[in-house]
Amino acid sequence: MVAIIKYNAGNVQSVQYALQRIGVDSIVTDDMASIKGADKVIFPGVGHANAAMQYLRDRKLDQLIVSLKQPVLGICLGLQLMCKHSEEGDTNCLGIFDEQVKFFPTSSSADQKIPQIGWNNIYDYHSVLFSGINENEFVYTVHSYYAALGAATIATTDYIIPYSAALEKDNFYAVQFHPEKSGKVGEQILKNFITIS
Amino acid sequence: MSLENFNKSNHPSFINSSNGSGRGLSKRIIPCLDIKDGRTVKGINFESIRDAGDPVELAILYSENGADELVFLDITATIEKRKTLVELVKRIAANINIPFTVGGGISSVEDVALLLQNGADKVSVNTAAFKNPSLLKQLSNEFGSQCVVLAIDSKKEADSEWYVYLNGGRTKTDTKTIEWAKEAVALGAGEILLTSMNNDGTKNGFALDITAELSSSLPVPVIASGGAGSMEHFKDVFDIGKADAALAASIFHYKEIEILALKKYLSVNNIRVRLK
């Protein structure tokens, strides 16, 4: 069973629907025992880093997430919250990854707006998460903050600067883009996560 | 290489970033479906689908044929029948794997919460936001700017200025489109969906002047709508109109232009699009 962590950020329903489409059962829950006992855990999210971290701390979900031993996948804000610190609301985050989360610098090109909304390429993979995925595939992404490149970077995207499209450390995985909204490519990435043993 | 000293002009991935090759954010092609009582309104012309009126079947077909996003515009008249919209949103979210926006008659935080909870990625607001601009602030605070699309129906008058129209284009205002768009973005709109009433339905091309004006003066993406009749019109709205995305309805529904063929054309013409 896959547990999708329920919290006040974003549209967790979409992730559940995406898992359904690849034939995977999941529950949306904030129950500690259910999350701890799940085979896989997905930590999604769209919203504000500060409000989301506060919500997690109030429910002690912050301590739970860092203590998990099964494969965990953060999505979008989930990735950012798994980093050490976010410039969004000057927020101390979970610290699973050492990478810093920053606001995109101003672009010299007028067509590079913030937030980045739409389909961009991922490349330079270093993880089983991207098994069978061609270099430069397009994924759907919506964000104003990004995780810098670092030791845990397992895929890169270029927007104003190159940043971490995905991170991995031990049993923790995270993607900045939305695999649940990224067509067949996204579905393959979710399948890859589900089959990690 | 130190990221602090990263010089993007020397990085190979940026040299091609503004044209059809290389890497970077792509321009979006967005089909729009008009919905009434849970069914698509305009006739459609696809042999491969069983039920031409079912928005979900059409949505799946578009998503499999290269659409980057979908917009569902609900034109259901009565509040009672609008409840069918929530059921429809649920079915769309369960069945398609690309982002979608829902618009039409949305006037409160509660309306939006219901649509987002049931799987919509974004909502578009129009008349209600103009009459009550604080709605934009409430929505962006509650759900984030990324899911708040402001739709503007705009018309160029005899004085050559573009004005905002309300109620599906039936009510003129004295507010200039550029002024309302700037205010809306300051309040929290994350994208602007601009429809030119002068161009809509003409198939003579998008309104390039107002699209370019909005796109170059706003920090958020602009979706151009109204007037698409040929592939060249899409090229122009990206090249000259500086649009971030282009929306069309009938030319896609009646298969006058197929999305994959359009994207191949744009790619050949050095516009970055997502090709499979």
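Note: the structure precedes this text.
Residues numbered from 1 in each chain as written. Chains lettered and ligands numbered in written order. Predicted model: local features only at pLDDT ≥ 70, side-chain atom pairs only at ≥ 80, totals over all residues. Heavy atoms only, no water.

J.: Give a description of the overall build of chain B that names residues and reports values.
T.: Along its length, chain B carries 11 helices and 11 strands. Taking all 276 residues of chain B together, 57% fall into the buried category. Looking at chain B alone, contacts between residues at least 24 apart form 65% of all its contacts between residues at least 6 apart. Counting only carbon and sulfur atoms, one obtains 48% of the accessible surface of chain B, whose full area is about 11600 Å². (Helix = DSSP H or I, 4+ residues; strand = E, 2+ residues; numbered from the N terminus. Buried < 20%, exposed > 50% of the residue type's maximum accessible area, 1.4 Å probe, protein only. Contact = heavy atoms within 4.5 Å. Areas by Shrake-Rupley, 256 points an atom, 1.4 Å probe, with all protein chains shown as cover.)

J.: Hey, could you go over the state of the cysteines for me, with residue numbers and the actual values?
T.: Here the structure, examined in full by the defined rule, presents zero disulfides over all chains. Of the cysteine sulfurs around C83 of chain A, a residue in no disulfide, the closest is that of C93 of chain A, at 7.4 Å. Judged by its relative accessible area of 0%, C83 of chain A falls in the buried class. Just so you know, C32 of chain B is unpaired, no disulfide at all, and the nearest cysteine sulfur is the one on C147 of chain B, 18 Å from it. (Disulfide = S-S within 2.5 Å.)

J.: Quick rundown of the nonpolar core? Include the residues and the values.
T.: Residues F100, L136, L150, I192, F234 and F252 of chain B are the most contacted members of the largest nonpolar core, which totals 81 residues. A per-element tally of this core places helix α3 (residues 79–95) of chain B first, with seven residues. For I192 of chain B, the contacting residues outside a window of four places in its chain are L150, I152, A181, V185, L214, L218, V220, P221, V222 and I223 of chain B. Grouped together as the second largest cluster of nonpolar side chains are 33 residues, A3, V41, C93 and I96 of chain A included. (Core = buried A, V, L, I, M, F, W, Y, C linked by side-chain atoms within 4.5 Å.)

J.: Can you explain a nonpolar patch on the surface? Please cite residues and give values.
T.: A cluster of nonpolar residues, V41, L73 and I75 of chain B, forms a patch on the protein surface that exposes about 210 Å² of accessible area. Relative to the helices and strands, V41 of chain B is located in the loop between β2 (39–40) and α2 (55–64). (Patch = residues over 30% accessible without salt bridge, like charges linked within 9 Å, V, L, I, M, F, W, Y side chains within 5 Å. Salt bridge = Lys/Arg side-chain N within 4 Å of Asp/Glu carboxyl O.)

J.: Got a sec to walk through unusual backbone geometry? Specific residues and values, please.
T.: A cis amide bond links I114 of chain A to the next residue, P115 of chain A, at an omega of 5°. Inspection of the secondary structure puts P115 of chain A in the loop between β7 (100–103) and β8 (116–122). Positive phi, close to 60°, is recorded for D124 of chain A, a residue that is not glycine. Structurally, D124 of chain A is set in the loop between β8 and β9 (137–143). Of note in this structure, D37 of chain B is not a glycine but carries a positive phi near 50°. Here D37 of chain B shows up in the loop between β1 (28–36) and β2. You can call D37 of chain B partly exposed: its relative accessible area is 32%.

J.: Please give an account of the interface of chain B and chain A that cites residues and values.
T.: Contacts between the two partners involve 44 residues from chain B and, on the opposite side, 37 residues from chain A. Summed over both partners, the interface of chain B with chain A comes to about 3200 Å²; 54% of that surface belongs to carbon and sulfur atoms. On the chain B side of the contact with chain A, R23, L25 and N97 of chain B bury the most area, a combined 22% of that side's loss. Where chain B touches chain A, the interface holds two salt bridges. (Buried area = accessible area lost by both parts, 1.4 Å probe.)

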